[in-house]
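Observations on the three-dimensional arrangement
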Amino acid sequence: MELRSYQKEIVDKAVDILSKHSFVYLAMEVRTGKTLTSLSIAEEIGAKSVLFLTKKKALHSIGEDAKKLCPSYEFFAINYESMHKAPRINWDVVILDEAHTLGAFPKPSQRAKKVRSLTTGSKVILMSGTPTPESYSQMYHQVYGLRGNPFSHYKNFYRFCDDHVNVKERIIGSLRTYFYGDAKDSVLKAMAPYTISFSQEQAGFKNDLREHILKVPMDDRTYKWCNELRKHRVIDGKDEVILGDTPVKLMQKLHQMYSGTVKFESGNTMVFDYSKAEFIRDHFKDQKLGIFYKFKAELDALKHVYGDDLTTDLKEFEATDKTIALQIVSGREGISLRHADALVYYNIDFSATSYWQSRDRMTTKERTDSDIYWVFSERGIETKIYKAVSNKKDYTLNHFRNDIRTL
């Protein structure tokens with residue numbers, strides 16, 4: 001398989017970096033070909049064995065790319081959650097897809113710790129279209145286990161903060177709390193010798209991404225229950241209870257209920273209003289859609305309305321005319337929905353990262369335009385969330401406290 005000219009240039013640069021250091025970071029935007037580029041880098045440096053860690057939903061497309069390249073090395077791909085099942089050998093190269101998911105702070109996540117144990121002695125290729133989507137502080141634990149990383153002289157994240165983070169101290173109640181998200185540009189400067197950045201614009205993408213907001217009138221019961229929960233913070237049913245006794249729980253419950261589903265205190269879920277699912281089916285009749293949903297019960301609503309015309313399997317979606325439904329967080333990275341006529345959001349996530357990453361799932365170099373539809377309930381909370389995340393800000397409790405007055 002022939003790489004694009006820019007991919008060949010990136011391969012050459014990465015080989016040069018790996019000859020000097022133990023790792024390279026490919027900060028390539030979505031749909032620019034990170035997977036084939038990383039596999040080609042491993043081939044170019046003469047690797048005999050390559051371990052590829054990614055998200056579960058991306059495994060199919062990773063395998064297809066590997067078949068196209070036909071590498072000479074032993075190749076093994078597995079999702080992060082199952083990395084303990086990977087063969088325990090000394091891998092020549094370990095490729096870390098969506099590496100930003102390792103960036104929790106101030107403490108490293110269990111995923112980051114396990115990756116650290118797997119990469120000992122290996123060359124490492126990290127990849128992400130958004131290396132630090134929320135804070136430069138996210139870079140530390142992505143690379144802290146790698147030989148020769150620019151922060152290796154720091155004993156831990158807190159000492160790293162001494163030089164690279166404006167630590168903020170706040171008193172909440174009687175507790176003293178520290179915030180570590182305000183990292184300095186010095187983090188990126190330190191990573192520059194190891195990083196290759198590449199954008200869709202550089203790759204020649206000219207995609208006109210059009211967003212549309214569609215408002216759906218919900219059943220009267222939806223507004224009645226939402227108003228009751230706002231007023232009393234609890235709804236007692238015959239067998240179940242809906243509780244919004246804290247600001248966080250109230251925000252989460254209203255987020256669910258304005259779209260017609262709810263999770264009870266018992267853990268059971270219920271679809272009580274199919275208005276959104278029915279609207280999507282009728283409004284986009286005969287179209288092959290990629291639908292993103294937020295809550296598990298929303299998938300139940302879509303299955304009820306679409307029946308056998310809906311799938312959650314990417315292979316089946318690509319091979320048939322069926323519409324696919326994907327949970328926003330699990331589907332926002334590592335997969336392509338290029339076969340969809342449009343992307344439709346049943347609901348919206350609080351995360352700005354989810355907003356920016358998921359909406360790019362249809363983008364390809366050949367596709368010049370894409371349509372994205374946000375299906376919001378009339379008088380609901382979704383429009384408020386959209387305003388925050390589209391401006392690259394997570395929707396927080398502070399936003400909710402201000403917005404609830406106008407719902």
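The structure contained in this document is the topic of the report that follows. What you see is a predicted model; the values in this text were computed from it and never measured.

1. Some words on the overall build of the chain
Each helix and strand counted, the chain has 17 helices and 18 strands in total. If you line up the chain on its principal axes, its C-alpha atoms span 65 × 60 × 40 Å. Here the chain holds 407 residues, and 52% of them are scored as buried. Sequence-distant contacts in the chain: of pairs separated by 6 or more residues, those separated by 24 or more amount to 70%. Within the structure as shown, the chain displays about 19200 Å² of accessible surface, and the carbon and sulfur contribution to it stands at 47%. Side chains of the chain carry 62 positive and 54 negative charges; the gap between the two charge centres is 5 Å.

2. Digging into the environment of Arg4
Counting through the fold element by element, Arg4 comes out in the segment before helix H1 (5-20). Along the backbone, Arg4 and Leu326 are 322 residues apart, and their C-alpha atoms lie at a distance of 30 Å. At 3.2 Å, the side chain of Arg4 and the side chain of Tyr6 are in polar contact.

3. Topic: the sheet that holds strand S14 (residues 289-293)
Reading across from one edge, S9-S18-S17-S14-S16-S15 is the order of the 6 strands in this open sheet, with parallel pairing throughout. Strands at the two margins of the open sheet, each flanked by one partner only, are strand S9 (208-216) and strand S15 (310-311). Summarising the sheet, S9 and strand S18 (residues 369-377) pair through 9 bridges and their orientation is parallel. When the bridges of S18 are listed, Ile213 appears paired with Trp374. Those strands touched by helix H12 (residues 296-306) are S14, S15 and strand S16 (323-327), and its axis lies near 145° from that of S14.

4. Observations concerning the sheet that holds strand S3 (residues 74-79)
If you trace the 6 strands from one edge of the open sheet to the other, you get S3-S2-S4-S5-S1-S8, paired in parallel fashion. Of all the strands in the sheet, just S3 and strand S8 (195-198) have a single pairing partner and so form its edges. Across the sheet, the mean angle from the axis of one strand to that of its neighbour is 15°, orientation sign disregarded. The pairing of strand S1 (residues 23-28) with strand S5 (residues 123-127) spans 4 bridges and is classified as parallel. If you follow Tyr25 over to S5, its bridge partner there is Leu126. Contacts from H1 reach S1, S5 and S8 within the one sheet, and its direction differs from that of S1 by about 155°. Contacts between helix H2 (residues 34-44) and the sheet are confined to S1, strand S2 (49-54), S3, strand S4 (93-96) and S5, with S1 contributing the most and set at about 160° to the helix.

5. Some remarks on the packing of aromatic side chains
Given two aromatic rings, their pairing is described by the distance between the two centres and the angle made by the two planes. For the structure on display, the rule yields 26 aromatic pairs. Consider the rings of Phe157 and Tyr158, whose centres lie 6.1 Å apart with planes at 75°: the pair is edge-to-face. The exposure class of Phe157 is buried, given its relative accessible area of 1%. Ring plane angle 65° and centroid distance 6.0 Å describe the contact between Phe376 and Tyr386, whose orientation is recorded as edge-to-face. Taken together, the positions of Phe376 in strand S18 and Tyr386 in helix H16 (residues 382-389) put the pair 10 residues apart, joining distant regions of the chain. A single burial state applies to Phe376 and to Tyr386, both of which are buried.

6. What about unusual backbone geometry?
The omega angle of the peptide bond from Phe105 to Pro106 is 5°, so this bond is cis rather than trans. Residue position: Pro106 is located in the loop between S4 and helix H4 (110-118). Not every positive phi belongs to a glycine, and Cys70 is a case in point at roughly 50°. Relative to the assigned elements, Cys70 resides in the loop between helix H3 (59-69) and S3. Taking the relative accessible area as the measure of exposure, Cys70 reaches 60% and is therefore exposed. Phi angles above zero are rare outside glycine, and Lys392 is one such case at about 65°. Checked against the element boundaries, Lys392 lands in the loop between H16 and helix H17 (397-403).

7. What about the environment of Ser370?
Considering the arrangement of structural elements, one finds Ser370 in strand S18. Taking C-alpha positions, Ser370 is 6.2 Å from Asp208, a pair spaced 162 residues apart along the chain.

8. Regarding the pattern of salt bridges
One pass over the full model with this rule turns up 15 salt bridges. Among the salt bridges present, the one from Asp16 reaches Lys20, with a minimum N-O distance of 3.4 Å. Taken as a pair, Asp16 and Lys20 lie in helix H1 at a separation of 4 residues, close to a single helical turn. For Lys20, a relative accessible area of 60% gives the class exposed. A single salt-bridge network, built from bridges that share partners, covers Asp245, Lys249 and Glu265.

9. Let's talk about the packing of H2 against H3
Contact geometry for H2 and H3: axes closest at 10 Å, N-to-C directions at 50°. Looking at the two axes, H2 sits oblique to H3. Relative to H3, H2 is oriented so that their crossing is right-handed. Side by side, H2 and H3 meet where Thr35, Leu36, Leu39 and Ser40 of the first sit next to Ile62, Asp65, Ala66 and Leu69 of the second. When the residues that make up the contact of H2 with H3 are grouped by side-chain class, the tally is 5 nonpolar, 2 polar and 1 charged.

10. Quick look at a negative patch on the surface
Together, Glu9, Asp12, Glu43 and Glu44 line one region of the surface with negative charge. Counting only elements with at least two residues in the negative patch, the list comes to H1 and H2. Overall, Glu9 belongs to the partly exposed group, its relative accessible area being 48%.

Quick notes on the rules
Residues numbered from 1 in each chain as written. Predicted model: local features only at pLDDT ≥ 70, side-chain atom pairs only at ≥ 80, totals over all residues. Heavy atoms only, no water. Helix = DSSP H or I, 4+ residues; strand = E, 2+ residues; numbered from the N terminus. Buried < 20%, exposed > 50% of the residue type's maximum accessible area, 1.4 Å probe, protein only. Contact = heavy atoms within 4.5 Å. Areas by Shrake-Rupley, 256 points an atom, 1.4 Å probe, with all protein chains shown as cover. Lys, Arg positive; Asp, Glu negative; His and termini not counted. Charge placed at Lys NZ, Arg CZ, Asp CG, Glu CD. Polar contact = N/O pair within 3.5 Å; in protein donor to acceptor, adjacent residues only side chain to side chain. Pairing = 2+ DSSP bridges. Axes fitted to C-alpha atoms, helices over the stretch in contact; angles between N-to-C directions. Phe/Tyr/Trp six-rings, centres within 6.5 Å; stacked < 30°, edge-to-face > 60°. Salt bridge = Lys/Arg side-chain N within 4 Å of Asp/Glu carboxyl O. Parallel < 35°, antiparallel > 145°, perpendicular 65-115°, else oblique. Left-handed = near helix turned anticlockwise from the far one by under 90°. Nonpolar A, V, L, I, M, F, W, Y, C, P; charged D, E, K, R; others polar. Patch = residues over 30% accessible without salt bridge, like charges linked within 9 Å, V, L, I, M, F, W, Y side chains within 5 Å.

Geometric descriptors of this kind do not, in isolation, establish any biological role.
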